[in-house]
2 protein chains.
Amino acid sequence: MALEIERKFLLRNDSWKVGAQGVAYRQGYLSLDPQRTVRVRIAGDRGFLTVKGATRGCVRSEYEYPIPLEQARQLLDELCHRPQIEKTRYRVPHAGLVWEIDEFHGANEGLVLAEVELDRPDQPVVLPDWVGEEVTGDERYYNACLSRTPFSSWPQRRG
Amino acid sequence: MALEIERKFLLRNDSWKVGAQGVAYRQGYLSLDPQRTVRVRIAGDRGFLTVKGATRGCVRSEYEYPIPLEQARQLLDELCHRPQIEKTRYRVPHAGLVWEIDEFHGANEGLVLAEVELDRPDQPVVLPDWVGEEVTGDERYYNACLSRTPFSSWPQRRG
């Protein structure tokens, strides 16, 4: 098991995007239960099956297994809940850390989120100036929640 | 993906057990949804993560991935639903097919089930004389259901 320690932010502007190369992500869920989420993901041309435990603060247990791309596609097409998440992920280095910025599509079009993975919860983070409000604890921004209750259905959009 | 084509039976007696060697199984579920079951299993000293789709007749889609034993143990201990399934599995060859016979323990103590895996649904099967009533379509005998509603809680036990 790995521990996923992650902080999540809204974006202030799109200046991060200069020169950034995106990878297409598609993901769906076999379990949306926040105590035991099971996610199928296609990242570019690679497939993954990932189990995550409950989030405590910004920490979550994570078990990730590579699976054949074709099986990931079948699991998404035939077994996963709908709607599914489609997004483009950009990796942007800043001050010694790599930020992952997700531009959502489909039912979550218009939402952009920046995440940074840490080694420990209290690790100091130099925030880039394109980062806005922190939404780490806000369940609405969990990808599993965005699959069930997409951004386009929110009464007040802030993404 | 594999297709799991399987018929399931109660046992008439325990004459199958002569000389049979059992392997300890422990399994639990991350998703009990019959449309998308996600199972963690320890079989002897091997760990597996398995996704199964809805059962149609005796046919079900199945995706099985070996995972490290220690991770299977952590997933069972920390993330899977309870109660979990404990059983001893015996493999008994008969008339060109291998029967898998599960003796359940814990909350399902007293239940014994025989399964035979087939290449196609209409494949002829020579039934051993220790096999009793067929329960292939009976959801109560699904392992995911036995985890939620164990045999010891049934009003009328027939296992």
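Up top is the structure.
In this text, all values refer to a predicted model and were calculated from it rather than measured experimentally. (Residues numbered from 1 in each chain as written. Chains lettered and ligands numbered in written order. Predicted model: local features only at pLDDT ≥ 70, side-chain atom pairs only at ≥ 80, totals over all residues.)

Asks: Could you give me a rundown of the relation of the copies chain A and chain B, with the residues and numbers involved?
Replies: Overlay of chain A on chain B (RMSD 0.0 Å): rotation 180°, translation along the axis 0.0 Å. The relationship between the two copies is best expressed as a two-fold rotation axis. The C-alpha atom lying nearest the rotation axis in chain A is that of Ser31(A); the distance is 2.9 Å. A high fraction, 100%, of the interface residues of chain A reappear at the interface in chain B, so the copies pair face to face through one surface. (Least-squares fit on C-alpha atoms with pLDDT ≥ 70 in both. Contact = placed C-beta atoms within 7 Å.)

Asks: Which residues make up the pairing of strand S5 (residues 59–67) of chain B, and what values do they have?
Replies: Residues and elements named next belong to chain B. Judged from the 4 bridges that link them, strand S1 (residues 2–11) and S5 form a sheet pairing that is antiparallel. Paired with Ala2 across the bridge in S5 is Glu62. Pairing geometry for strand S4 (residues 46–53) and S5, over 6 bridges, is antiparallel. Opposite Phe48, over in S5, you have Pro66 as the bridge partner. Hairpin remark: S4 followed by S5, antiparallel, with 5 residues in the connecting loop; positive phi at Gly57, about 65°. (Pairing = 2+ DSSP bridges. Helix = DSSP H or I, 4+ residues; strand = E, 2+ residues; numbered from the N terminus.)

Asks: Can you break down the interface of chain A and chain B residue by residue, with the values?
Replies: Counting residues at the interface gives 17 residues for chain A and 17 residues for chain B. Only strand S2 (22–31), strand S3 (36–43), strand S4 (46–53), strand S5 (59–67) and helix H1 (69–79) of chain A provide two or more residues apiece to the side of chain A that touches chain B. For the side of chain A that touches chain B, the per-class residue count stands at 10 nonpolar, 5 polar and 2 charged. (Nonpolar A, V, L, I, M, F, W, Y, C, P; charged D, E, K, R; others polar.)

So, to be careful, I would describe these as geometric facts and stop short of saying anything about function.
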